[in-house]
Amino acid sequence: MLDLKITAANLPDGRQNIDIGIQGGKIVAVEPNLAAEAAQTIDAKNRLVTPPFIDSHVHLDSTLSLGMPRLNESGTLLEGIALWGELKPLLTADAIFDRAKKLCLWSIAKGTLVIRSHVDVCDDRLLAVDALLALREELKPYLDIQLVAFPQDGFFRYPKSRENLLRALAKGVDVVGGIPHFERTMQDGAESVAALTRIAADHGLMVDMHCDESDDPLSRHIEILAKETINHGLQNRVAGSHLTSMHSMDNYYVSKLIPLIREAGIAAIANPLINITLQGRHDTYPKRRGMTRVKELMAAGVTVAFGHDCVMDPWYPLGSHDMLEVAQMALHVGHLTGVAEIKSCFEAVTANAAKTLNLANYGLAPGCNADLIILQAENPIEAIRLRAERLAVIRRGQILATTPPRETTIHAKSLKRTLDFTHANLFAS
Ligand code: FE2
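Residues numbered from 1 in each chain as written. Predicted model: local features only at pLDDT ≥ 70, side-chain atom pairs only at ≥ 80, totals over all residues. Heavy atoms only, no water.

### Concerning the nonpolar core
Turning to step 1, where the next piece is worked out: Among the nonpolar cores identified, the biggest contains 105 residues, and Leu-60, Ile-222, Phe-306 and Leu-375 are the most heavily contacted of them.
Turning to step 2, where the next piece is worked out: There are two domains that each give this core at least three residues, and those are domain 1 (2-51 + 363-419) and domain 2 (53-356).
Turning to step 3, where the next piece is worked out: Grouped together as the second largest cluster of nonpolar side chains are 20 residues, Ile-6, Ile-20, Ala-370 and Ile-374 included. (Core = buried A, V, L, I, M, F, W, Y, C linked by side-chain atoms within 4.5 Å. Buried < 20%, exposed > 50% of the residue type's maximum accessible area, 1.4 Å probe, protein only. Domains from an automatic or database assignment.)

Spelled out as structure tokens, the structure:
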């Protein structure tokens, strides 16, 4: 007797009419016409059933602080950092906890059940570290949170970064972060990458660095990150977040750089909503889009994941923490409109993100955790097109959240009908 059976599911890989059996919080069967009885059955009605969304890059400590103490007038990264610096002394652990928890509830509702959040360690009180560690613990049954120790004001530029970062790791923060482009010089940036990867190697931890988040084509810290990753044997445990300078780099140089990223097994995390908002601010026309070279990185076999990065904070005034909105923006900004490319955008917020975060037991196969979403869409492409409702969000076989199907009624007499915006398409998965 199964705990739960989901029938008539369409899967992200294109299989249709599949039944999924769940027992003890695990997937135990994925096959057509599953005979086993179950305590509860959900008919997916040939809608897409997928492992949950993953946000590979967000800042839970600053989230939902928009307007505190003022708004970002220039729209730049640097004014955002300055503004966050004004807010920091006013922060309390309770306020950080409450805002981050509210965002996590939005995440659950939107089917995002894994979040990698950076946490600023350039506050000697480490209030945000304590608040987010407490939140990680409280939400453990519902949501996985990975925390990255992030020296927002620079590893060398802020005098106590090293000490604070090591304290944060000792408290249980999972990943080593960095921000080489914010150090005082390129040389300091390079040295910060070397020092931080050394710390990660010594502690047996993963690395996720804000790297080259600028329009400066000569910002090449990703090259150093690749070298140090190989030096320390950290292949497949390192991510370069943003990498926006790659958008502006010389094409010849990039033809050497992308294979180097691949050789180092570094994953690229693009943050399309934020990259297109913060980058290109010094341009007249044409204005650069700023997002890293997602199409070329994917084509070269580099693992690419997407993050939301910011939701209503000093850097970005909008957002509801919807990873389908992120995938949709990436697709537009990156000219990723081919069928395989749209599917890759879906993978960048699901399977590729799981690979980037080194998650265990993620997926839709027997033995994986029974963490699933049922979407109001037939396939990944329709899911992105419609930013489809998450009809049911399931974690370890338990229903965590439900949303009714989206439907519009046309009342005009001669047109009277209901619409759900589905349309038979040629993208048959
Ligand atoms: Fe970030």
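### So, the domain arrangement of the protein
Turning to step 1, where the next piece is worked out: For the protein, the assigned domains read domain 1 (2-51 + 363-419) and domain 2 (53-356).
Turning to step 2, where the next piece is worked out: Each of domain 1 and domain 2 was reduced to a C-alpha centroid, and the two centroids are 31 Å apart.
Turning to step 3, where the next piece is worked out: At the junction of the two partners, domain 1 supplies 21 residues and domain 2 supplies 24 residues.
Turning to step 4, where the next piece is worked out: Buried area between domain 1 and domain 2, both sides added, is near 1,700 Å², and the carbon and sulfur share of it is 67%. (Contact = heavy atoms within 4.5 Å. Buried area = accessible area lost by both parts, 1.4 Å probe.)

### A look at the coordination of the iron ion
Turning to step 1, where the next piece is worked out: Protein-derived ligands of the iron ion are His-57 (NE2), His-59 (NE2), His-210 (NE2) and Asp-309 (OD), with the metal-ligand distances lying across 2.1 to 2.5 Å.
Turning to step 2, where the next piece is worked out: Its four donor atoms give the iron ion angles of 85 to 177 degrees at the centre, a pattern that matches the irregular case.
Turning to step 3, where the next piece is worked out: One chain supplies every donor to the iron ion, and in sequence these donors are spaced H-x1-H-x150-H-x98-D. In this pair, His-57 sits in strand β5 (residues 53-58) while Asp-309 sits in the loop between β12 (304-306) and α11 (323-333), placing the two residues 252 residues apart along the sequence. Grouping residues by exposure puts His-57 and Asp-309 together as buried. (Donors = N, O, S within 2.8 Å, 3.2 Å for Na, K, Ca; no water. Tetrahedral: all angles 85-135°; square planar, octahedral: opposite > 155°, others 65-115°. Helix = DSSP H or I, 4+ residues; strand = E, 2+ residues; numbered from the N terminus.)

### Section: the sheet that holds strand β10 (residues 238-242)
Note: strands within a sheet are paired through backbone hydrogen bonds, in either parallel or antiparallel orientation.
Turning to step 1, where the next piece is worked out: Ordered in space as β5-β6-β7-β8-β9-β10-β11-β12, the eight strands form an open sheet in which the pairing is parallel. For this open sheet the edge positions go to β5 and β12, each flanked by a neighbour on one side alone.
Turning to step 2, where the next piece is worked out: Two strands pair when backbone bridges link them, and strand β6 (residues 112-120) and strand β7 (residues 144-150) are joined in this way by seven bridges, in the parallel orientation. Bridge pairing in β7 links Asp-120 to Phe-150. (Pairing = 2+ DSSP bridges.)

### Regarding the sheet that holds strand β3 (residues 26-31)
Turning to step 1, where the next piece is worked out: With mixed pairing, the seven strands of this open sheet are ordered in space as β3-β2-β1-β4-β13-β14-β15. Of all the strands in the sheet, the pair left with one neighbour each is β3 and β15 (398-402). Going across the sheet, the axis of each strand differs from the next one's by a mean of 30 degrees, ignoring polarity.
Turning to step 2, where the next piece is worked out: In this structure, strand β2 (residues 18-23) lies alongside β3, joined through five bridges in antiparallel fashion. Looking across to β3, one finds that Gly-21 is bridged to Ala-29. (Axes fitted to C-alpha atoms, helices over the stretch in contact; angles between N-to-C directions.)

### Regarding the pairing of strand β13 (residues 372-375)
Turning to step 1, where the next piece is worked out: Because side chains alternate across β13, one face comprises the buried residues Leu-372 and Ile-374, and the other comprises Ile-373 and Leu-375, equally buried.
Turning to step 2, where the next piece is worked out: As judged from the two bridges shared by strand β4 (residues 38-50) and β13, these two strands associate in the antiparallel manner. Counterpart to Val-49 in the pairing with β13 is Ile-374.
Turning to step 3, where the next piece is worked out: Pairing between β13 and strand β14 (residues 390-395): four bridges, direction antiparallel. Residue Leu-375 lies in a different strand from β14, and its bridge partner there is Arg-390.

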